[in-house]
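# Coordinates in review
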Amino acid sequence: YNDAAGAYFSVGEYWDGSYDALYAWLQKASFKSTTFDFSFKYALNNWASTGNLTNLVWAYNGGNQPAGLIHNPAAKRYAATFIDNHDTYRDTNKFTGDVLMANAFMLSSPGIPCVFLPHWTQYKSQIQAMIAARKAVGVHSESAVTVNQSGANIYVATVTGKTGSLIVKLGSASYTAPTDYTLATSGNNYAIYI
């Protein structure tokens, strides 16, 4: 279909929470499509059910990266990250955690973030500020990430964009950003500095 249509961008839905299954799907599609990153979504669901922010971090090549397809530099450009969609929102896969913290994580990570319309409608100004921070430093689908801190009640990562970098802090633990960063937006248990 993509070959015939000459698609500039497409996203497929292969509903599987396994990173390996999603990556295999991308390979079988000859990397001509992105896919909804269900491994990312289910990592968020795991965090929501346990309250443990370490569920948002996966090991890669001796270091830590944000969970999902985006943890692998070869896969993150093909990851359409999301928190909920029209299917998951109405069934047992609905995200039940802190929506703003989840959006701060997604919008401060590589991949191609898809903001869910009901979340946008309910939290428009907060999500708009997160998008503005992402745009201000040029975070993109292949941005490099350094996970600075990861614990049950804290996640801190520095994300490098095309024109700068941002730091995202999630969780109840205290954190002081470096003096050369300015607070772009914050709320209950989240902050983004640029």
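Before reading on, note that the structure itself is shown above.
Residues numbered from 1 in each chain as written. Predicted model: local features only at pLDDT ≥ 70, side-chain atom pairs only at ≥ 80, totals over all residues. Heavy atoms only, no water.

## Notes on the overall build of the protein chain
- When helices and strands are tallied, the protein chain shows six helices and 10 strands.
- Along the first, second and third principal axes, the C-alpha atoms of the protein chain reach 50 × 35 × 35 Å.
- Looking at the protein chain as a whole, 49% of its 194 residues qualify as buried.
- Considering only residue pairs separated by 6 or more positions, the protein chain has 55% of its internal contacts joining residues 24 or more positions apart.
- When the accessible surface of the protein chain is summed, it comes to about 9100 Å², and 49% of that surface belongs to carbon and sulfur atoms. (Helix = DSSP H or I, 4+ residues; strand = E, 2+ residues; numbered from the N terminus. Buried < 20%, exposed > 50% of the residue type's maximum accessible area, 1.4 Å probe, protein only. Contact = heavy atoms within 4.5 Å. Areas by Shrake-Rupley, 256 points an atom, 1.4 Å probe, with all protein chains shown as cover.)

## Examining the pattern of salt bridges
- If you walk through the whole model with that rule in mind, you get three salt bridges.
- Among the ionic pairs, Asp 3 bridges to Lys 32, the shortest N-O distance being 2.9 Å. Linking Asp 3 in helix α1 (residues 2–5) with Lys 32 in the loop between α2 (19–28) and β2 (34–36), this pair joins segments that are 29 residues apart in sequence.
- Take Asp 3: its relative accessible area is 58%, and that puts it in the exposed class.
- The partly exposed category is assigned to Lys 32, whose relative accessible area is 45%.
- In this structure, Lys 41 and Asp 84 form a salt bridge, with 3.1 Å as the shortest nitrogen-oxygen distance. Taken together, the residues Lys 41 in helix α3 (residues 38–50) and Asp 84 in the loop between β5 (79–80) and α4 (99–107) connect sequence positions 43 residues apart.
- You can call Lys 41 buried: its relative accessible area is 0%. (Salt bridge = Lys/Arg side-chain N within 4 Å of Asp/Glu carboxyl O.)

## Section: the packing of aromatic side chains
- If you walk through the whole model with that rule in mind, you get 13 aromatic pairs.
- Consider the rings of Phe 38 and Phe 82, whose centres lie 5.0 Å apart with planes at 80°: the pair is edge-to-face. Of this pair, Phe 38 sits in helix α3 while Phe 82 sits in the loop between β5 and α4, and the two are 44 residues apart along the sequence. The burial state of Phe 38 is the same as that of Phe 82; both residues are buried.
- Between Phe 40 and Phe 105, the aromatic rings sit 5.5 Å apart at their centres with planes inclined by 10°, giving stacked as the arrangement. With Phe 40 in helix α3 and Phe 105 in helix α4, this residue pair connects regions lying 65 residues apart in the sequence.
- A residue is classified by how much of its surface remains accessible, and Phe 40, at 0% relative accessible area, is buried.
- Phe 105 gets classed as buried once you look at its relative accessible area, which sits at 1%.
- Grouping aromatic residues by their ring pairs yields a cluster made of Trp 15, Phe 36, Phe 38, Tyr 42 and Phe 82.
- Here Lys 94 stacks its cationic end above the ring of Tyr 89, 4.3 Å away from the centre of that ring. (Phe/Tyr/Trp six-rings, centres within 6.5 Å; stacked < 30°, edge-to-face > 60°. Lys NZ or Arg CZ within 6 Å of the ring centre and 35° of its normal.)

## Points about the environment of Ile 167
- For Ile 167, the location among the structural elements is in strand β8 (residues 165–170).
- With a relative accessible area of 2%, Ile 167 lands in the buried category.
- In this structure the C-alpha to C-alpha distance between Ile 167 and Leu 100, which are 67 residues apart in sequence, comes to 16 Å.
- The contact partners of Ile 167, leaving out residues within four places of it in the chain, are Val 156, Ala 157, Thr 158, Tyr 175, Pro 178, Tyr 181, Ala 191, Ile 192 and Tyr 193.

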